[in-house]
Amino acid sequence: MKQLVQKQLAQSIATMQAVLADETIIHTLVTVAELTAKAMQSGHKLLVAGNGGSAADAQHLVAEFVVRLTVNRPALRAIALTTDTSILTAAGNDYGFDHLFSRQLEALGQPGDIFLAISTSGNSKNLIRAITQAKIIGIPTIGLTGNDGGHMAPLCDYNIVIPSAVTMNIQESHLALEHIFCMLVERFTFGHDFDKKPQILSE
């Protein structure tokens, strides 16, 4: 069992090291963070969606934006499309599971917003439909995926693809990048000296 623990930790670290060495991932993350900051500064918002663990990631990331990541600062506009059970069950029941997020984008999305779709496989049908809906509205799309980016990759305006085929390792890297994404948006929004403010720890 100890060997299993060591093996899994080594695999996780190897995936993170591959992400760290991937200049495309780093460049794209900075690019989309700046794009998101500019959208928020102009009164627009970030919309985030995913399924399963990626739904939890969507909610986690949005909480960091709306509340805080490490320090007190003004709230940043972000919405997770994974939380309203009445909308999710109504859309799933009346239109089908593939429409869960596209229906909400149709209702809430506006030109100038940003849509972040999180999927380890890049093949989630409801996210693919949501990306298509975002394009109709005029919303830039970001795909946070793994493997080869799946069917989402050619549809998204920006892609961050984790170089792994192991779901849990992809998700671990997603979470690390999501935190950095929020931190970068804060920097672009509030200034480069933002991180020099005193750190606030949760109780």
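Residues numbered from 1 in each chain as written. Predicted model: local features only at pLDDT ≥ 70, side-chain atom pairs only at ≥ 80, totals over all residues. Heavy atoms only, no water.

Points about a nonpolar patch on the surface
Working step 1: Nonpolar side chains collect at one region of the surface, where Val-5, Leu-9 and Ile-13 lie side by side and expose about 280 Å² of accessible area between them.
Working step 2: Mapped onto the elements, Val-5 comes out in helix α1 (residues 2-21). (Patch = residues over 30% accessible without salt bridge, like charges linked within 9 Å, V, L, I, M, F, W, Y side chains within 5 Å. Areas by Shrake-Rupley, 256 points an atom, 1.4 Å probe, with all protein chains shown as cover. Salt bridge = Lys/Arg side-chain N within 4 Å of Asp/Glu carboxyl O. Helix = DSSP H or I, 4+ residues; strand = E, 2+ residues; numbered from the N terminus.)

A short note on the packing of helix α3 (residues 53-66) against helix α7 (residues 167-190)
Working step 1: Across the interface, α3 lies against α7 with an axial gap of 10 Å and an inter-helix angle of 20 degrees. With respect to α7, the element α3 is oriented roughly parallel. Between α3 and α7 lies a crossing whose hand is right-handed. Here α3 contributes Gly-53, Ser-54, Asp-57, His-60, Leu-61, Glu-64 and Phe-65 to the contact with α7, which in turn contributes Gln-171, His-174, Leu-175, Glu-178, His-179, Phe-181, Cys-182 and Val-185.
Working step 2: Here the residues of the contact of α3 with α7 sort into 6 nonpolar, 6 polar and 3 charged. (Axes fitted to C-alpha atoms, helices over the stretch in contact; angles between N-to-C directions. Parallel < 35°, antiparallel > 145°, perpendicular 65-115°, else oblique. Left-handed = near helix turned anticlockwise from the far one by under 90°. Contact = heavy atoms within 4.5 Å. Nonpolar A, V, L, I, M, F, W, Y, C, P; charged D, E, K, R; others polar.)

Regarding the nonpolar core
Working step 1: By size, the foremost hydrophobic cluster in this structure holds 31 residues, and its most contacted members are Leu-46, Phe-65, Leu-116, Phe-181 and Val-185.
Working step 2: When residues of this core are traced back to their parent elements, those giving at least two are α2 (23-41), β1 (46-50), α3, β2 (78-80), β3 (114-118), β4 (141-145) and α7.
Working step 3: A per-element tally of this core places α2 first, with 7 residues.
Working step 4: Residues contacting Phe-65, with those up to four places away along its chain left out, are Met-40, Leu-46, Arg-73, Ala-75, Leu-76, Ala-78, Phe-181, Cys-182 and Val-185. (Core = buried A, V, L, I, M, F, W, Y, C linked by side-chain atoms within 4.5 Å. Buried < 20%, exposed > 50% of the residue type's maximum accessible area, 1.4 Å probe, protein only.)

What to know about the packing of aromatic side chains
Working step 1: Going through the model one piece at a time under the given rule, you end up with 1 aromatic pair.
Working step 2: Pairing Phe-65 with Phe-181 gives two aromatic rings, centres 5.7 Å apart and planes at 75 degrees, and the pair type is edge-to-face. On the criterion of sequence distance, the pair formed by Phe-65 in helix α3 and Phe-181 in helix α7 is long-range, its members being 116 residues apart.
Working step 3: Take Phe-65: its relative accessible area is 0%, and that puts it in the buried class. (Phe/Tyr/Trp six-rings, centres within 6.5 Å; stacked < 30°, edge-to-face > 60°.)

Topic: unusual backbone geometry
Working step 1: Not every positive phi belongs to a glycine, and Asn-147 is a case in point at roughly 55 degrees.
Working step 2: Relative to the helices and strands, Asn-147 is located in the loop between β4 and β5 (158-161).
Working step 3: Overall, the relative accessible area of 36% leaves Asn-147 in the partly exposed class.

Here's the deal with the sheet that holds β5
Working step 1: Pairing is parallel across the open sheet formed by 5 strands, whose spatial order is β2-β1-β3-β4-β5. One side of each edge strand has no neighbouring strand; the edge strands of this open sheet are β2 and β5. For this sheet, the mean inter-axis angle between neighbouring strands, taken without regard to orientation, is 15 degrees.
Working step 2: Two elements, β4 and β5, share 4 bridges in a ladder whose sense is parallel. Within β5, the position partnered with Ile-142 by the bridge is Tyr-158. (Pairing = 2+ DSSP bridges.)

Quick look at the pairing of β3
Working step 1: Burial analysis of β3 places 5 of its 5 residues in the buried class, which makes it a mostly covered element.
Working step 2: Side chains of β3 alternate between two faces, with Ile-114, Leu-116 and Ile-118 and Phe-115 and Ala-117 buried alike.
Working step 3: Here 5 bridges tie β1 to β3, and the two strands are oriented parallel to one another. Looking at the pairing, Leu-46 lines up with Ile-114 of β3.
Working step 4: Here β3 pairs with β4 via 4 bridges, running parallel. Opposite Ile-118, over in β4, you have Leu-144 as the bridge partner.
Working step 5: In this view, the connection linking β3 to its parallel neighbour β4 by way of helix α6 (residues 125-137) has right-handed handedness. (Right-handed = clockwise from strand over helix to strand, strands pointing away.)

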